[in-house]
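Listed below, chain by chain, are the residues.
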Amino acid sequence: MSFADLGLSPKLLEAIAAAGYETPTPIQKEAIPPALEGKDVLGIAQTGTGKTASFTLPMIERLSKGRAKARMPRSLVLAPTRELAAQVAENFEKYGVNHKLTMALLIGGVSFGDQDAKLTRGVDVLIATPGRLIDHFERGRLLLNGIEVMVVDEADRMLDMGFIPDIEKIFKLTPMTRQTLFFSATMPPEIQRITDQFLHQPVRIEVSKPATTADTITQNIVRVPSKDDKQKRAVLRELIGKEDVKNGIIFCNRKSTVDVVAKSLQKHGFNARPIHGDLAQSFRTETLDKFRNDDLQFLVASDVAARGLDIPAVSHVFNFDVPIHSDDYVHRIGRTGRAGRKGAALMLVTPADGKHLDSILKTIGAKEIEELDFSEFFEANPASERPDRKGGRDDKGGKSRSRRGERSSGDQPSRRKPKDAKEPANDQPAVEAQVEPEQDNDNQAEPKKQRDETRSSKRRRGGGDARSSRRREEAVVGLGDHVPAFLTRKVAR
DNA sequence: AAAAAAC
């Protein structure tokens, strides 16, 4: 079975071959033919299954005939995160090399004007995260009634993120005659309801999970006696030193922990950068690019990077924190051992993590994960009375130029009693955050703590609560004097 | 116990 058997055109087959693919994956085999016929597709599949190409290829085929009008895109792909949207765009570029398709990527955190200019010129493919798409729409810069194909990617994740009302709204703005390709890793009731409502006799395709746990990934844990993050960071360094790490992702549960761990690794001379949703988009993009190009060895990440991102050939995944939901564990370690390669997943487990570890073991269907013996390390470095490691840090920390001295006391574990180690990460970012190495974007320059507070209070006020989204639906914003009547009218379906 | 996403 080859791509040629799926009914794709020579132009497209050439691009696929040029990209180095020969055999379609199961979901591609099953989804592409009905999609080419114009049928709706409901794909139940995770990332790593070749899902993206299963919708980009038939879309390119379909869009190769016809031309886009200004502000009326012909197709729309919705993705939950900016990175994922950008990845879909790359996919279109890769497979669309022989087609003259125009494309716009509407995501937050980047300039509005460039996106708008593209919309004005007319695009065949619009790829977006829901927030920015609706923003454009409400400014009257975008019409969705020319949509021929609409794709919803990672729908269950959209549900987790509270995007479902937005998705429904967007569905209602597109013509009923559209073709819908809908993908979700799981089918919770809310998602089922959406597909019942908006898909027309879809071809349902379910592919099994990509080989995750047992097959290609070696999983281990390290028991850490203290839940002091400082000790965990020391263990992490020790662990990295013992492993033959080509490149690795280090997952933390909190954004603040991501910052601290990244800074700490940098100070110890590791090539590491943080990625999470509070960092400037330019920095996120740059970091991922570096990681993909092997210019970066360690990506310290929140769960923004746990799902969906296509980062090939990661040799190691480190779970600095035990994920709260066992699903997240599966997604995190799924970043390694991809495409049949070998991978290692290592996790730091403190006594407080027992419950979550149990649920992870249950989920992956294992009685236990083999434990690495770190007793010698802990004997040499007991958490409570370990001498301040600052000295050890300083001799490697030539990069961290400023103000280290004035806050030395803040970083001493002895200052804190185990009881109030409740928010271990909380006071430490303030300590380390300003030593930001080679970053020059303005977000980074602000004192971090304040930045976080501003953002979270903004979110609380503005965030997607029902009232504000209703307001959003009713108000027509930014259209000036010329508001076409059909735009102020609700679209009946 | 979190994270993600719009100015």
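Residues numbered from 1 in each chain as written. Chains lettered and ligands numbered in written order. Predicted model: local features only at pLDDT ≥ 70, side-chain atom pairs only at ≥ 80, totals over all residues. Heavy atoms only, no water.

**Things to note about the overall build of chain A**
Across its full length, chain A holds 22 helices and 14 strands. Taking all 493 residues of chain A together, the buried fraction comes to 53%. The contacts of chain A with a sequence gap of at least 6 include a subset with a gap of at least 24, amounting to 74%. With an accessible surface of roughly 22900 Å², chain A has 49% of that area assigned to carbon and sulfur atoms. (Helix = DSSP H or I, 4+ residues; strand = E, 2+ residues; numbered from the N terminus. Buried < 20%, exposed > 50% of the residue type's maximum accessible area, 1.4 Å probe, protein only. Contact = heavy atoms within 4.5 Å. Areas by Shrake-Rupley, 256 points an atom, 1.4 Å probe, with all protein chains shown as cover.)

**Some details on the sheet that holds strand 4 (residues 125–128)**
Pairing between the strands of a sheet is mediated by backbone hydrogen bonds and can be parallel or antiparallel. Read across the sheet, seven strands follow the order 3-4-2-5-6-1-7 without closing on themselves; strand pairing throughout is parallel. Looking at which strands have only one partner, the edges of the open sheet turn out to be strand 3 (103–106) and strand 7 (203–206). Looking at each pair of strands side by side, their axes are set apart by 10° on average, direction ignored. Bridge analysis of strand 3 against strand 4 gives four bridges, and the strand direction is parallel. (Pairing = 2+ DSSP bridges. Axes fitted to C-alpha atoms, helices over the stretch in contact; angles between N-to-C directions.)

**Quick notes on the environment of L119**
Its place among the elements puts L119 in helix 5 (residues 112–121). What makes L119 buried here is its relative accessible area of 1%. When the C-alpha atoms of L119 and L106 are compared, they prove to be 9.7 Å apart, with 13 residues separating the residues in sequence. In this structure L119 touches A70, R71, L106, L126, H136, R141 and L142, once residues within four positions along its chain are discounted.

**Digging into the sheet that holds strand 9 (residues 248–251)**
One open sheet holds the seven strands; their spatial order is 10-11-9-12-13-8-14, and the pairing between them is parallel. Each of the sheet's edge strands pairs with one partner strand only, and the pair in question is strand 10 (272–275) and strand 14 (370–371). Direction of pairing for strand 10 relative to strand 11 (residues 298–301): parallel, over a ladder of four bridges. Bridge assignment links P274 to a residue of strand 11, and that residue is V300. In this fold helix 14 (residues 326–333) packs onto strand 8 (217–223), strand 9, strand 12 (316–319) and strand 13 (343–349), with an angle of close to 150° to the strand it touches most, strand 12.

**Some remarks on unusual backbone geometry**
Located in the positive-phi region is E154, a residue other than glycine, with phi close to 55°. Secondary-structure assignment places E154 in the loop between strand 5 (149–152) and helix 7 (155–160). With relative accessibility at 7%, the residue E154 sits in the buried group. Phi angles above zero are rare outside glycine, and D294 is one such case at about 65°. Looking at the secondary structure, you find D294 in the loop between helix 13 (281–292) and strand 11.

**Topic: the packing of aromatic side chains**
Taken as a whole and assessed by the stated rule, the structure comprises seven aromatic pairs. With a centroid separation of 5.4 Å and 40° between ring planes, the pair formed by F55 and F183 is classed as tilted. Here F183 lies in strand 6 (residues 179–184) and F55 lies in helix 3 (residues 51–63), a separation of 128 residues in the sequence. For F55, a relative accessible area of 0% corresponds to the buried category. The class for F183 is buried, based on a relative accessible area of 1%. Their ring planes at 75° and their centres at 5.6 Å tell us that F377 and F378 sit as a pair that is edge-to-face. Accessibility expressed as a relative area gives 12% for F377, which makes it buried. The buried category is assigned to F378, whose relative accessible area is 13%. In textbook terms, an aromatic cluster arises when at least three aromatic residues are bridged by ring pairs, as seen for F374, F377 and F378. Over the face of the ring belonging to F320 we find K232, whose NZ or CZ atom lies 4.8 Å from the ring centre. (Phe/Tyr/Trp six-rings, centres within 6.5 Å; stacked < 30°, edge-to-face > 60°. Lys NZ or Arg CZ within 6 Å of the ring centre and 35° of its normal.)

**Things to note about the environment of F318**
Mapped onto the fold, F318 is located in strand 12. According to the relative accessible area criterion, F318 is buried, its value standing at 1%. Between the alpha carbons of F318 and L239 there is a distance of 9.3 Å; along the sequence they are 79 residues apart. Each residue touching F318, except ones within four places of it in the same chain, is listed here: L236, L239, I240, V245, I249, I250, F251, F298 and L346.

**Describing the UniProt feature "domain: DEAD-box RNA helicase Q" (unreviewed entry) in chain A**
Sites flagged by UniProt as "domain: DEAD-box RNA helicase Q" (unreviewed entry) map to residues 1–29. Note that residues 1–29 is 45% helix and 0% strand, and that its end C-alpha atoms are spaced 8 Å apart. (UniProt positions renumbered as here; feature names shortened; annotations may be inferred.)

**Brief notes about the packing of helix 11 (residues 229–242) against helix 12 (residues 255–267)**
For any two helices packed against each other, one specifies the crossing angle of their axes together with the interaxial distance. Their axes nearest at 11 Å, the elements helix 11 and helix 12 cross at an angle of 50°. Taken together, the axes of helix 11 and helix 12 are oblique relative to one another. Helix-helix and strand crossings are classified by hand; for helix 11 and helix 12 the assignment is right-handed. Mapping the contact onto sequence places D229, R233, L236, R237 and I240 in helix 11 and T257, V260, V261, S264 and L265 in helix 12. Among the residues making up the contact of helix 11 with helix 12, the classes are represented as five nonpolar, two polar and three charged. (Parallel < 35°, antiparallel > 145°, perpendicular 65-115°, else oblique. Left-handed = near helix turned anticlockwise from the far one by under 90°. Nonpolar A, V, L, I, M, F, W, Y, C, P; charged D, E, K, R; others polar.)

**As for the nonpolar core**
Among the nonpolar cores identified, the biggest contains 35 residues, and L57, F92, I127 and L181 are the most heavily contacted of them. Within the second largest apolar cluster, 30 residues are counted, among which are V123, L142, M150 and F163. (Core = buried A, V, L, I, M, F, W, Y, C linked by side-chain atoms within 4.5 Å.)

**Examining the confidence of the model for chain A**
Across chain A, the average pLDDT comes to 79, with 74% of residues at or above 70. With pLDDT under 50 throughout, residues 385–493 is counted as low confidence; its partners more than four residues away or in other chains account for 130 contacts. (pLDDT = per-residue confidence, 0-100.)

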